[in-house]
Amino acid sequence: MAFRLIFALCVMLFLAVCEAGKQMPKLSNKKLCADSECSHPILIARALQDYYPGDCRFIPIRQGQLVYVYAMLKDRGNLFWAGSVQSTYYGEQEARIGHFPSSVVEETHALMPATTEVKTTNWDFYCN
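Okay, so let's go over this structure. In this text the structure is predicted, and so the values were computed from the model without any measurement. (Residues numbered from 1 in each chain as written. Predicted model: local features only at pLDDT ≥ 70, side-chain atom pairs only at ≥ 80, totals over all residues. Heavy atoms only, no water.)

Let's talk about the packing of aromatic side chains
In the structure shown here, the tally under the stated rule is four aromatic pairs. Here Phe 58 and Phe 80 contribute two aromatic rings whose centre-to-centre distance is 5.4 Å and whose plane-to-plane angle is 50°, an arrangement assigned as tilted. One end of the pair, Phe 58, is in the loop between strand 3 (43-47) and strand 4 (66-73); the other, Phe 80, is in strand 5 (residues 80-85), and 22 residues separate them in sequence. Ring pairs connect the aromatic residues Tyr 51, Phe 58 and Phe 80, which therefore count as one cluster. (Phe/Tyr/Trp six-rings, centres within 6.5 Å; stacked < 30°, edge-to-face > 60°. Helix = DSSP H or I, 4+ residues; strand = E, 2+ residues; numbered from the N terminus.)

And the structure:
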């Protein structure tokens, strides 16, 4: 009986560690957003080419996909934007949120000016 209890506890601990996620290095300390919570999209962009991410901070993008941009990183990370993409068929896959190089997209519609400077947090670069 004690063996089963210890085994069950070990399995639960292992699963908790697997689900814990991982803190990745920050790409920047600041970002530009439309509002203080970066909850409104700044612009809509279309992917010029496929982008395959190097790690979990980034999102994969396929050529032609629309990307909703919520933040533009500043300073050392100014080559990266943060946003979300969704599959071409709504409901086929849930929206993915993450970073991507600004060079793989072109702006199609400006929505709101990115005039609010916000400090990035560790959660901006946390991987699940």
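Digging into the side chain of Lys 31
Within the secondary structure, Lys 31 sits in strand 2 (residues 30-33). Of note is the side chain of Lys 31, whose polar atom sits 3.0 Å from the side chain of Asp 124. Filtering out sequence-adjacent residues up to four positions away, Lys 31 remains in contact with Cys 38, Ala 71, Met 72, Leu 73, Lys 74, Thr 116, Glu 117, Val 118, Lys 119, Thr 120 and Asp 124. (Polar contact = N/O pair within 3.5 Å; in protein donor to acceptor, adjacent residues only side chain to side chain. Contact = heavy atoms within 4.5 Å.)

A look at the state of the cysteines
On inspection of all chains with the given rule, the structure shows two disulfides. The disulfide partner of Cys 33 is Cys 38, and the S-S distance across this bridge is 1.9 Å. Looking down the S-S bond of the Cys 33 and Cys 38 bridge, the torsion is 70°, so its handedness is right-handed. For the pair formed by Cys 33 and Cys 38, the shared burial category is buried. In this model Cys 56 forms its disulfide with Cys 127; the gap between the sulfur atoms is 1.9 Å. Between Cys 56 and Cys 127, the S-S torsion sits near 100°, and that sign places the bridge as right-handed. Of this pair, Cys 56 sits in the loop between strand 3 and strand 4 while Cys 127 sits in strand 9 (residues 126-127); the two residues are 71 residues apart in sequence, bridging distant segments of the chain. The class for Cys 127 is buried, based on a relative accessible area of 2%. Taken N- to C-terminal, the disulfide-bonded cysteines of the protein are connected 1-2, 3-4. (Disulfide = S-S within 2.5 Å. Buried < 20%, exposed > 50% of the residue type's maximum accessible area, 1.4 Å probe, protein only.)

What to know about a nonpolar patch on the surface
A cluster of nonpolar residues, Leu 66, Tyr 68, Leu 111 and Met 112, forms a patch on the protein surface that exposes about 320 Å² of accessible area. Within the fold, Leu 111 resides in the loop between strand 7 (105-110) and strand 8 (116-119). (Patch = residues over 30% accessible without salt bridge, like charges linked within 9 Å, V, L, I, M, F, W, Y side chains within 5 Å. Areas by Shrake-Rupley, 256 points an atom, 1.4 Å probe, with all protein chains shown as cover. Salt bridge = Lys/Arg side-chain N within 4 Å of Asp/Glu carboxyl O.)

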